[in-house]
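Structural description and commentary
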Amino acid sequence: MKRSGMRGSVKVFRFIFIAIVLVLEGSSALAQVPNNNDMSACPAPLLSKIKRHRIIEGETVSSIAEQYGLLPETLVKFNPNIKVPKIPVGQEIFIPPINGVKIEAPPGSTWLDLEGAYGVRADILFELNGCQKRPKVVFIPGTSWAAKTPQKDYTGLAGYPLPTPLTVGLSYGWQNSPIQKERLFHSGIDLLAPVGTDVLAADDGLVIYVDREGAYGNYIIINHRGNRQTRYAHLASVAVKVNQRVKTGEIIGTVGQTGQPDISAPHLHFEVRFKTNQGWVAQDPAIHLKIKR
Ligand SMILES: [Zn+2]
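Bear in mind that the values here come from a model prediction, so they are computed numbers and not experimental data. (Residues numbered from 1 in each chain as written. Predicted model: local features only at pLDDT ≥ 70, side-chain atom pairs only at ≥ 80, totals over all residues.)

Of the regular secondary structure elements, the protein chain holds five helices and 16 strands. In the protein chain, which comprises 293 residues, the proportion classed as buried is 32%. Look at the contacts in the protein chain between residues 6 or more apart in sequence, and 64% of them connect residues 24 or more apart. (Helix = DSSP H or I, 4+ residues; strand = E, 2+ residues; numbered from the N terminus. Buried ≥ 20, exposed ≤ 12 C-beta atoms within 10 Å, placed from the backbone. Contact = placed C-beta atoms within 7 Å.)

Here it is, written out as structure tokens:
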């Protein structure tokens, strides 16, 4: 009995030792290779990927932003000490990996609170920020953020996707689907408009996709500067081709009811997405558009 007990405790010690080695190895592997293929591991937080840039003679906020594929607003928000248009040569500034802002979450707030305030899904915020249990200092992807009153700080899309007043039939986010009778995540906004209404490019950009795709029906995707994308679904007709450059307000198609619309009233399903390490992430288009509710 006693011998087997001794052996048992040796086993336990050996197990603890191996566990400690594994933890140490695991943490160093994670630090060196943040994007490992282990799906169970959380990706390194975006805030850990911030680079530094030393300003040299002749550079402007815009030129630095362009160099890193960011919007000037993002640099200004990350570096409140830089003055536009004159910026201090020789000074180091912070360069985030994608457009967005760093915020300090109010004490006691949850990821769902931040989703409500910033229109970015809680699970995505959680993952982009290294899976912290409670948000503290976090990165919010996007371009124009002012919690609760986004319109005040509006630097969103230059135009509107419809010539008619923008009336929301179904908002972005978790919704009770009137047709499918279940709770579904609505990745865009349904803007009511009669069938045949012109659909317009919401900003200057490059058409990268025109096709018929499942529930989306006739569907157009336009890429814009600043890693932003708009998507237009259920169209009756399309008036653009892939690789075509479009200007804000240009007609790209007409409102229709192709695919599987989420509500029965005719509408344009409109999405705004941002490129992140996790792919193109849908945001609340209401943040990017001035909308009458
Ligand atoms: Zn929809």
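Having seen the model, we can carry on.
This part takes up the confidence of the model for the protein chain. Looking at the protein chain, pLDDT values average 77 and 76% of them are 70 or higher. For the stretch residues 1-40, pLDDT sits under 50, and the model shows five contacts to residues farther than four places along the chain or on other chains. (pLDDT = per-residue confidence, 0-100.)

With that settled, consider the environment of Gly 90. One can find Gly 90 in the loop between helix 3 (72-78) and strand 2 (92-95). Using a count of 8 C-beta atoms within 10 Å as the deciding quantity, one classes Gly 90 as exposed.

It is worth spelling out unusual backbone geometry at this point. Leave glycine aside and you will find that most residues have negative phi; peptide bonds, for their part, are mostly trans. For His 234, which is not glycine, the phi dihedral falls at a positive 65°. Of note, His 234 is situated in strand 12 (residues 228-238). Residue His 234 is classed as buried on the basis of its C-beta count, with 24 C-beta atoms lying within 10 Å. The phi torsion at Asn 243 lies on the positive side, around 75°, for a residue other than glycine.

Generally speaking, a soluble globular protein has its nonpolar side chains buried in company with each other. With 29 residues, the main nonpolar core has Leu 162, Val 199, Ile 220, Tyr 232 and Leu 268 as its most contacted residues. Contributions of two or more residues to this core are made by strand 8 (189-192), strand 9 (198-200), strand 11 (217-224), strand 12, strand 14 (251-255) and strand 15 (267-276). Ranked by residues supplied to this core, first place goes to strand 11 with four residues. Look past the residues within four positions of Ile 220 in its chain and what remains in contact with it is Val 207, Tyr 209, Val 210, Tyr 232, Leu 235, Val 238, Val 240, Ile 252 and Gly 253. Formed by 12 residues, the second largest nonpolar core is a distinct cluster that contains Leu 46, Leu 125, Leu 128 and Ile 140. (Core = buried A, V, L, I, M, F, W, Y, C linked by C-beta atoms within 7 Å.)

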